[in-house]
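Structure at a glance
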4 protein chains.
Amino acid sequence: MTNVGFIGLGAMGAPMAWNLDDAGFDLVVYNRTTDREQPFAEAGISVADSPKHLTKRCDVVCLMLSDGDAVAEALERDLGVLDGVDEETTVVQMSTIGYEETLAAAEMVTEAGGRFVDAPVSGTVGPAREGTLVGLAGGDEAVVGGVRPVLEAMCDPVVHCGDVGQGTNMKLFVNLLLGDAMSAFAEALVFGRQNGLSVSDMRTVIENGALDCPLFAGKGATIADGDFDSRFPVDYQFKDLSLALDRAGDIGVPLSQTAAAREAFSAARARGYGEEDMAAVIKPLEETADVSVRED
Amino acid sequence: MTNVGFIGLGAMGAPMAWNLDDAGFDLVVYNRTTDREQPFAEAGISVADSPKHLTKRCDVVCLMLSDGDAVAEALERDLGVLDGVDEETTVVQMSTIGYEETLAAAEMVTEAGGRFVDAPVSGTVGPAREGTLVGLAGGDEAVVGGVRPVLEAMCDPVVHCGDVGQGTNMKLFVNLLLGDAMSAFAEALVFGRQNGLSVSDMRTVIENGALDCPLFAGKGATIADGDFDSRFPVDYQFKDLSLALDRAGDIGVPLSQTAAAREAFSAARARGYGEEDMAAVIKPLEETADVSVRED
Amino acid sequence: MTNVGFIGLGAMGAPMAWNLDDAGFDLVVYNRTTDREQPFAEAGISVADSPKHLTKRCDVVCLMLSDGDAVAEALERDLGVLDGVDEETTVVQMSTIGYEETLAAAEMVTEAGGRFVDAPVSGTVGPAREGTLVGLAGGDEAVVGGVRPVLEAMCDPVVHCGDVGQGTNMKLFVNLLLGDAMSAFAEALVFGRQNGLSVSDMRTVIENGALDCPLFAGKGATIADGDFDSRFPVDYQFKDLSLALDRAGDIGVPLSQTAAAREAFSAARARGYGEEDMAAVIKPLEETADVSVRED
Amino acid sequence: MTNVGFIGLGAMGAPMAWNLDDAGFDLVVYNRTTDREQPFAEAGISVADSPKHLTKRCDVVCLMLSDGDAVAEALERDLGVLDGVDEETTVVQMSTIGYEETLAAAEMVTEAGGRFVDAPVSGTVGPAREGTLVGLAGGDEAVVGGVRPVLEAMCDPVVHCGDVGQGTNMKLFVNLLLGDAMSAFAEALVFGRQNGLSVSDMRTVIENGALDCPLFAGKGATIADGDFDSRFPVDYQFKDLSLALDRAGDIGVPLSQTAAAREAFSAARARGYGEEDMAAVIKPLEETADVSVRED
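Residues numbered from 1 in each chain as written. Chains lettered and ligands numbered in written order. Predicted model: local features only at pLDDT ≥ 70, side-chain atom pairs only at ≥ 80, totals over all residues. Heavy atoms only, no water.

Chain A is annotated in an unreviewed UniProt entry as NAD(P)-dependent oxidoreductase from Haloarcula nitratireducens.

What follows is the structure, encoded as structure tokens:
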């Protein structure tokens, strides 16, 4: 039985960790604020008092944090992961961070003697609970193979995308498309509503055509209901589009539509909707056009 | 039994007309160039020698032409539809044209004593053959009700979107989103491929996530195969985005991402890909980034 | 002495007509609403009661109207210009209209037996008063040469840009750049102000660098003063960017930045600033960012 | 007499340093590669063998380097600036770097006991030689006042923009506008040329209108000549637009036109023109439209 550590028990991380427990792994958890550790402690799961101590006790250490700075901090801080890494450790970095940040993290871990896989996940809280996140793994084939059972406790499918960093690049690929699609949907809905079309008719038409997908079905419903509780917030989508555009600039791919989408999310942040669901990208456009896309 | 006329036997129109025949309507067809009429004549279907004569013989006259100028010409020319319209005629305008063009056509038909429905369709050649186009009808409830059996021979579902012009507005809504999604997909694929991701992995990830839809499945496959035979050409998608942006300007909805998408299709036209499938919007981007998104 | 007719006595047209009078031409004026003719009548200048009568009395007929529909109407209406054209008439179309609209107008005039020059002007009310508009003439060399003295009464310089339509294309060129520059200036000012920079410092820096130009000096001052009285309204700039993008689509030039600028002006119209000066393109951005670019 | 150190003798830095020498300051220079120090050594100017030694000998230490990483390296490396800073030292950071990078540099310098001014400059090699760069200073009033004579040897005018970081923000403001204007000019020229307008006519029209400015006069001439030798390269303009967009995201200002401009420069980099003059942003557009904007 593999000992698995999990650092970062947020909205995504907590259900992912529970799935590891359900799958029978010997789990150790850590969170910077202890309140998020409480339900795990109550269920008899080990809680480490530092990333270092967690790492010393585990073969596989999963990180699920908010951004690249948080990942670097978890690794490098006093009593951090790096202090606990040895040649038996594989660090599985699952947060969505930049490509350069991923390479830097990998370098720190391997210099400390450990192995590294980047494995960000595609999907939101629902799939996180159900263990059906899409796992996007980057790393040496043998190393990814070694942690595959761990990933499969949280993800279905697990796609091995290439070397270290390619999991991250795949995540940027999919969230780039997600952000573009969400923002385009917002434009289409406001355009249609201002024309006097009903929201339910627009949804029916989408559901019967080439664009029928969970995103438009789900966001069509929540927008119609005026429900902007966050599954994946505007702030995170903005961050991911920014990371994708940074990377695109580095590798020579101009992305004019994605750039427009990033500014749409920037407008939503500027208007104060950063913590609402990414669907709130529609709100500044509704305000500009003075029209409401709510079910009639 | 209703007599139904069908004008415009192109790639979309021909299978739509065959479905009317299959449904048992007494069909009369017309096309400006006679070669497209030949298979219908050979099957014993009536061929009219002018839109006027077709209209005189039919209760319902369907138009499926390339653009607003072609529609205006079919109505207004010598021996045109207007010359044949009387109080028994309902003209069903199914081409994708602009909103103002739709209102102008409706006015001409009603002034000539007839009834008018705009009913553009969403879907390409496959659904046209299978009778599963999404019919987007605009017009008076009773008039739309009267032609519903005709529409249902070609479409499933038929959505009544509102008054005259609202079918057209719904078509602009859906093709706006289609164009944005296609162009965003192109950006994402080139971004991913330049990063070294495999096309099949990218397709797998999309198919397992919130963006799983027929468009990305289908275009992912044809792009990977290098198959740009037109289902729906770049030129038409460009036209539809231009019509949507014109309309958006008139009603006060700024659409910055859609505007970026239109320019991406404009680039594909400028590079000579106007008659290829809309997926060829990826080609200028591949050329700029010097990378090929073909299955490896 | 040439008899010159002038149709369209708006904010631009009136001072242009006065300059023709000052230059000693035998002037006849016409405006659809008579109140704008009043000052000319009081000054003893001939006022025609229809475009036809004006045209019959003049060798050169200048049109300065709001858009292509207004130009077509002035030509084609009952008692319109075309009713008065003969082989002695040269129509000088000075309004900003589309390229296709220009060719259509030219064709109507030449079919009626007359000659045609398109000569839209660059510049606003100030240069219109001072006779220093930039005249952008398109047409046959001899015909442009024939009306050059008329144009030079209103313009300095007069640039002969090529055949019929090229004056219009040059106008679209310059107003495209003007719209892009105005909207970019708005973005820069809001960015700077949100950063806490003073408006006067920003203006000083621009005035001492490679971008020192009348537009930024003038609009910097009026924005700082909160003066959005129209020299050239948002609606017109939006129209001109739309015409330029239409033309660019026809000739195969993708213009992604110009497309973004058009949507910025569209946002200003949507927010109700269409009749304010083009500098009001800054207002939606100020509202989104919740910052005011007024002199502190 | 103040001892002034100058680190970074590149295309901009070298003439700036010469101006300090001309103004009579006791100059010490340093460059990472010694070939750029050679002319100074030959002229009898002191050359330091490390940033530390330079700093120890000087009251004012100017940095003029390529980017934020280079600045951080000059400060933090072994024998770096920080090793030489004491309470008599003022570091004047003149490179164009990000806002966060500026604050981080300032913090390092002040923690080492020194004073800090950020003073990036607006202008290219010509003004650098002539001492007419626009100096954009951020910092405490007394500290900026103390180094004003140094800045005035290189700049005219020197604008005090606010606290530390505001010089940098002003630089991002002006280069944002510069990048947008350059890219818009490229779009306009390709649009006009594809329409058949002559380059010289387009330049004449610009020079006689509201957009008459050194940028368009200068770039109009060099583009017409096919001269893309770098005054300010595409790569740097791309970097500055990226920095501005990063900052805009942080402070909540959506910039859709600037985002489009960044992607235009990204396209130029992708096509291999990164080291050419920023005017080469026109080349991908010429290639797409298959038209050449060279003097005819």
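Let's shift gears to the overall build of chain A. Scanning chain A for helices and strands turns up 14 helices and nine strands. By the compact-globule yardstick of 19 Å for 296 residues, chain A fits well, its C-alpha radius of gyration being 20 Å. Its C-alpha atoms put chain A at 65 × 45 × 35 Å along the principal axes. A buried classification covers 61% of the 296 residues belonging to chain A. Considering only contacts in chain A between residues 6 or more positions apart, those separated by 24 or more positions represent 68%. Treating the 21 positive side-chain charges of chain A as one cloud and the 49 negative ones as another, the clouds have centres 3 Å apart. (Helix = DSSP H or I, 4+ residues; strand = E, 2+ residues; numbered from the N terminus. Rg over C-alpha atoms; globule rule 2.2 N^0.38 Å. Buried < 20%, exposed > 50% of the residue type's maximum accessible area, 1.4 Å probe, protein only. Contact = heavy atoms within 4.5 Å. Lys, Arg positive; Asp, Glu negative; His and termini not counted. Charge placed at Lys NZ, Arg CZ, Asp CG, Glu CD.)

Contact residues are listed per partner, giving 60 residues for chain A and 60 residues for chain B. Here chain A meets chain B over a buried area of about 5000 Å², counting both sides, of which 72% is carbon and sulfur. In terms of surface lost to chain B, no three residues of chain A exceed A:F173, A:F191 and A:Q257, which account for 15% of the buried area on that side. Between the two partners, chain A and chain B, sit zero salt bridges. The interface formed by chain A and chain B contains 22 residue pairs in polar contact (both at pLDDT 80 or more). (Buried area = accessible area lost by both parts, 1.4 Å probe. Salt bridge = Lys/Arg side-chain N within 4 Å of Asp/Glu carboxyl O. Polar contact = N/O pair within 3.5 Å; in protein donor to acceptor, adjacent residues only side chain to side chain.)

Moving on: the interface of chain D and chain C. On the side of chain C, 60 residues touch chain D, which itself brings 60 residues to the contact. Summing the contributions of chain D and of chain C, the shared interface buries around 5000 Å²; its carbon and sulfur component is 73%. Counting the surface chain D buries against chain C, the share from its top three residues, D:F173, D:F191 and D:Q257, is 16%. Inspection of the chain D/chain C interface yields zero salt bridges. At the boundary of chain D and chain C, one finds 22 residue pairs in polar contact (both at pLDDT 80 or more). Those elements that provide at least two residues to the side of chain D that touches chain C are strand 8 (133-138), strand 9 (155-162), helix 9 (166-194), helix 10 (199-207), helix 11 (214-225), helix 12 (234-251), helix 13 (256-270) and helix 14 (282-289) of chain D. Among the elements that make up the side of chain D that touches chain C, the one with the highest residue count is helix 9 of chain D (21 residues). For the side of chain D that touches chain C, the class distribution of residues is 39 nonpolar, 16 polar and five charged. (Nonpolar A, V, L, I, M, F, W, Y, C, P; charged D, E, K, R; others polar.)

Under the criterion given, the structure shown has 12 aromatic pairs over all chains. Judged by centre distance (6.0 Å) and plane angle (80°), the ring pair of C:F232 and C:Y236 falls under edge-to-face. With a relative accessible area of 36%, C:Y236 lands in the partly exposed category. Note that B:R247 overlies the ring of B:Y99, its terminal NZ or CZ placed 3.7 Å from the centroid. (Phe/Tyr/Trp six-rings, centres within 6.5 Å; stacked < 30°, edge-to-face > 60°. Lys NZ or Arg CZ within 6 Å of the ring centre and 35° of its normal.)

Here the focus is helix 12 (residues 234-251) of chain A. In this model, helix 12 of chain A (18 residues) spans 26 Å end to end at C-alpha, consistent with the 26 Å of a helix rising 1.5 Å per residue. Extensive coverage of helix 12 of chain A is indicated by the burial of 13 of its 18 residues. (Expected span 1.5 Å × (residues − 1).)

With an RMSD of 0.0 Å, the fit of chain D onto chain C corresponds to turning through 180° and sliding 0.0 Å along the axis. Accordingly, the operation relating the two chain copies is best matched by a two-fold axis. Relative to the rotation axis, the closest C-alpha in chain D is found at D:C213, a distance of 2.4 Å. (Least-squares fit on C-alpha atoms with pLDDT ≥ 70 in both.)

Moving on, we come to the UniProt feature "domain: 6-phosphogluconate dehydrogenase NADP-binding" (unreviewed entry) in chain A. Here the UniProt-annotated "domain: 6-phosphogluconate dehydrogenase NADP-binding" (unreviewed entry) positions come out as residues 3-162 of chain A. In residues 3-162 of chain A, the share of helix is 41% and the share of strand is 25%. The end C-alpha atoms are 25 Å apart. (UniProt positions renumbered as here; feature names shortened; annotations may be inferred.)

Bring the parts together and some accessible area is lost; that lost area is often taken as the interface size. Residues and elements named next belong to chain A. In terms of domain boundaries, chain A breaks down into domain 1 (3-163) and domain 2 (169-289). Computed from C-alpha atoms alone, the centre-to-centre distance between domain 1 and domain 2 is 29 Å. With 15 residues of domain 1 at the contact, the number on the domain 2 side is 13 residues. Taking both partners together, domain 1 and domain 2 bury about 1100 Å²; carbon and sulfur atoms supply 65% of that area. Linking domain 1 with domain 2 are four residue pairs in polar contact (both at pLDDT 80 or more). At the level of secondary structure, the elements contributing two or more residues to the side of domain 1 that touches domain 2 comprise helix 6 (99-111) and strand 7 (121-122). When residues in the side of domain 1 that touches domain 2 are grouped by element, the largest group, three residues, is from helix 6. Residues of the side of domain 1 that touches domain 2, tallied by class, amount to seven nonpolar, five polar and three charged. (Domains from an automatic or database assignment.)

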